[in-house]
Amino acid sequence: DAGVTQTPRHEVAEKGQTIILKCEPVSGHNDLFWYRQTKIQGLELLSYFRSKSLMEDGGAFKDRFKAEMLNSSFSTLKIQPTEPKDSAVYLCASGVNYAEQFFGPGTRLTVL
Amino acid sequence: AQSVTQPDARVTVSEGASLQLRCKYSYFGTPYLFWYVQYPRQGLQLLLKYYPGDPVVQGVNGFEAEFSKSNSSFHLRKASVHWSDWAVYFCAVTGSWQLIFGSGTQLTVMP
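Residues numbered from 1 in each chain as written. Chains lettered and ligands numbered in written order. Predicted model: local features only at pLDDT ≥ 70, side-chain atom pairs only at ≥ 80, totals over all residues. Heavy atoms only, no water.

Draft legend 1. View of the nonpolar core. Leu19, Trp35, Leu47, Leu48, Phe74, Leu76 and Tyr89 of chain B are the most contacted members of the largest nonpolar core, which has 29 residues in total. Of all the secondary-structure elements, those providing two or more residues to this core are strand S2 (10-14), strand S3 (19-21), strand S5 (32-38), strand S6 (44-50), strand S8 (63-68), strand S9 (73-78), strand S10 (87-94) and strand S12 (105-110) of chain B. Those residues in contact with Leu48 of chain B that lie beyond four places of it in its chain are Leu33, Phe34, Trp35, Val57, Gln58, Gly59, Phe63, Glu64, Ala65, Phe74 and Leu76 of chain B. Ala13, Ala67, Leu77 and Ile79 of chain A belong to the second-largest nonpolar core, a separate cluster that totals 21 residues. (Core = buried A, V, L, I, M, F, W, Y, C linked by side-chain atoms within 4.5 Å. Buried < 20%, exposed > 50% of the residue type's maximum accessible area, 1.4 Å probe, protein only. Helix = DSSP H or I, 4+ residues; strand = E, 2+ residues; numbered from the N terminus. Contact = heavy atoms within 4.5 Å.)

This is the structure in structure tokens:
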């Protein structure tokens, strides 16, 4: 089985740009998560989908971050507009019914 | 409040030595506990998981962990560390959909 796929692996953006990160979960998984990882803050939950329905939208990340799941095999995370403080690794994970989460390799975002 | 504490930000061991990485959790209810490992430039990979039952759980690559309800702990152990174990280790707890992660422990392996 293929694991969680994330594209691109690296992204460089200018301040103010719009970027879209993509994630393909493991086939058959009904839970999908987006996290942001930084050295200072560690792992922060951005959003959570269950069976394509948005269950958690990450509170503090609402204003410029939007995650969507148009079908069960594809999700996007849009950041608009980007700011330098958004530089981080963005991780996507999938799972089944509250069991363990399987993580993708991440997208490393640098905002100049 | 639910939380996970990994008190050691960095641990250094010699190759072949034994290892213990500490994890303390705070959770109201029945916890499910996990250890994940993150190698450089990669995502998190599951090492092992605890669901209520036998308190000692075995994982991949010779890792094991022991759940202690009385101590609210879930320490990770390995009898003999290999250089390829150089990575960041995360402890996590859940009782529902949300994983609560610790801040991670960077393991350095000396030759």
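Draft legend 2. Focus on the confidence of the model for chain A. Residues with a pLDDT of 70 or more make up 98% of chain A, whose mean pLDDT is 92. The spread of mean pLDDT over the elements of chain A runs between strand S6 (residues 53-56) of chain A, the lowest at 88, and strand S3 (residues 19-24) of chain A, the highest at 98. (pLDDT = per-residue confidence, 0-100.)

Draft legend 3. Representation of the state of the cysteines. One pass over the full model with this rule turns up 2 disulfides over all chains. In this model, Cys23 of chain A is linked to Cys92 of chain A through a disulfide, with the two sulfur atoms separated by 1.9 Å. Judged by the torsion about the S-S bond (-70 degrees), the Cys23 of chain A/Cys92 of chain A disulfide is left-handed. Separated by 69 residues along the polypeptide, Cys23 of chain A in strand S3 and Cys92 of chain A in strand S9 (residues 88-95) bring together distant segments of the chain. Comparing Cys23 of chain A with Cys92 of chain A, the two get one shared label, buried. Disulfide pairing places Cys23 of chain B opposite Cys91 of chain B at an S-S distance of 2.0 Å. Because the sign of the S-S torsion sets the handedness, a value of about -65 degrees for the bond joining Cys23 of chain B and Cys91 of chain B places this disulfide among the left-handed ones. Note that Cys23 of chain B is positioned in the loop between S3 and strand S4 (24-26) and Cys91 of chain B in strand S10, a separation of 68 residues in sequence. Per residue, the accessibility class of Cys23 of chain B equals that of Cys91 of chain B, and both read buried. (Disulfide = S-S within 2.5 Å.)

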